[in-house]
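Read off the chains here:
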Amino acid sequence: MSTNTNSSDRSNDRLRDTVDTLILTEVFLMQASIESATAIGNGLSSLGKKLVTSAGAVYPEDSLSNTLQHIADEAVEPYKSRFQYLRNLRNRSD
């Protein structure tokens, strides 16, 4: 009987850990989505200002490419940092 109780307790603990991790992951995903959308909005606004303030000026292709790459990097960073944190957290608990 004690073995069944211990097994049941371990199963409940694993389930609780899994649910806790899922909730934390969902919160991180929501935060990352908001930060990413903000980064994209700010980047597009910056790009628009750059293009409008010098109407008629020709930007070198690498300048626009660098700006777009910067926007992409800023948009991905919130997901990357949270995923890395979750992996580290998971590795510590194993």
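Check the entry above for the structure.
Residues numbered from 1 in each chain as written. Predicted model: local features only at pLDDT ≥ 70, side-chain atom pairs only at ≥ 80, totals over all residues. Heavy atoms only, no water.

Student: When you look at the overall build of the chain in this model, what are you seeing that I'm missing?
Tutor: In terms of regular secondary structure, the chain is built from 2 helices and 0 strands. Relative to all contacts within the chain whose residues are 6 or more apart in sequence, the contacts with residues 24 or more apart total 76%. (Helix = DSSP H or I, 4+ residues; strand = E, 2+ residues; numbered from the N terminus. Contact = heavy atoms within 4.5 Å.)

Student: How should I be thinking about the pattern of salt bridges in this particular structure?
Tutor: Pairs may arise between side chains of opposite charge once their charged atoms sit close together. Evaluated as defined, the whole model comprises 2 salt bridges. Linking Arg-16 and Asp-13 is a salt bridge whose minimum nitrogen-to-oxygen distance equals 3.1 Å. One end of the pair, Arg-16, and the other, Asp-13, are both in helix α1 (residues 2-53), 3 residues apart, so they sit about a helical turn from each other. By relative accessible area, Arg-16 is classed as partly exposed at 48%. (Salt bridge = Lys/Arg side-chain N within 4 Å of Asp/Glu carboxyl O. Buried < 20%, exposed > 50% of the residue type's maximum accessible area, 1.4 Å probe, protein only.)

Student: Help me understand the packing of aromatic side chains in this model?
Tutor: The description of two aromatic rings rests on the distance between their centres and on the angle between their planes. Evaluated as defined, the whole model comprises 1 aromatic pair. Seen from their ring centres, Phe-28 and Tyr-85 are 5.6 Å apart, and the 65 degrees between their planes marks the pair as edge-to-face. Placement of the pair is Phe-28 in helix α1 and Tyr-85 in helix α2 (residues 61-93), with a sequence separation of 57 residues. (Phe/Tyr/Trp six-rings, centres within 6.5 Å; stacked < 30°, edge-to-face > 60°.)

Student: Where do I start with the side chain of Arg-82 in this structure?
Tutor: Relative to the helices and strands, Arg-82 is located in helix α2. Excluding residues that lie within four positions of it along the chain, Arg-82 makes contacts with Phe-28, Gln-31, Ala-32 and Glu-35.

Student: How should the side chain of Thr-67 be read in this particular structure?
Tutor: Looking at the element boundaries, Thr-67 is found in helix α2. Since its relative accessible area comes to 13%, Thr-67 is described here as buried. In contact with Thr-67, not counting residues within four places along its chain, are Leu-47 and Lys-50.

These results come straight from atomic positions and should not be treated as a statement about function.
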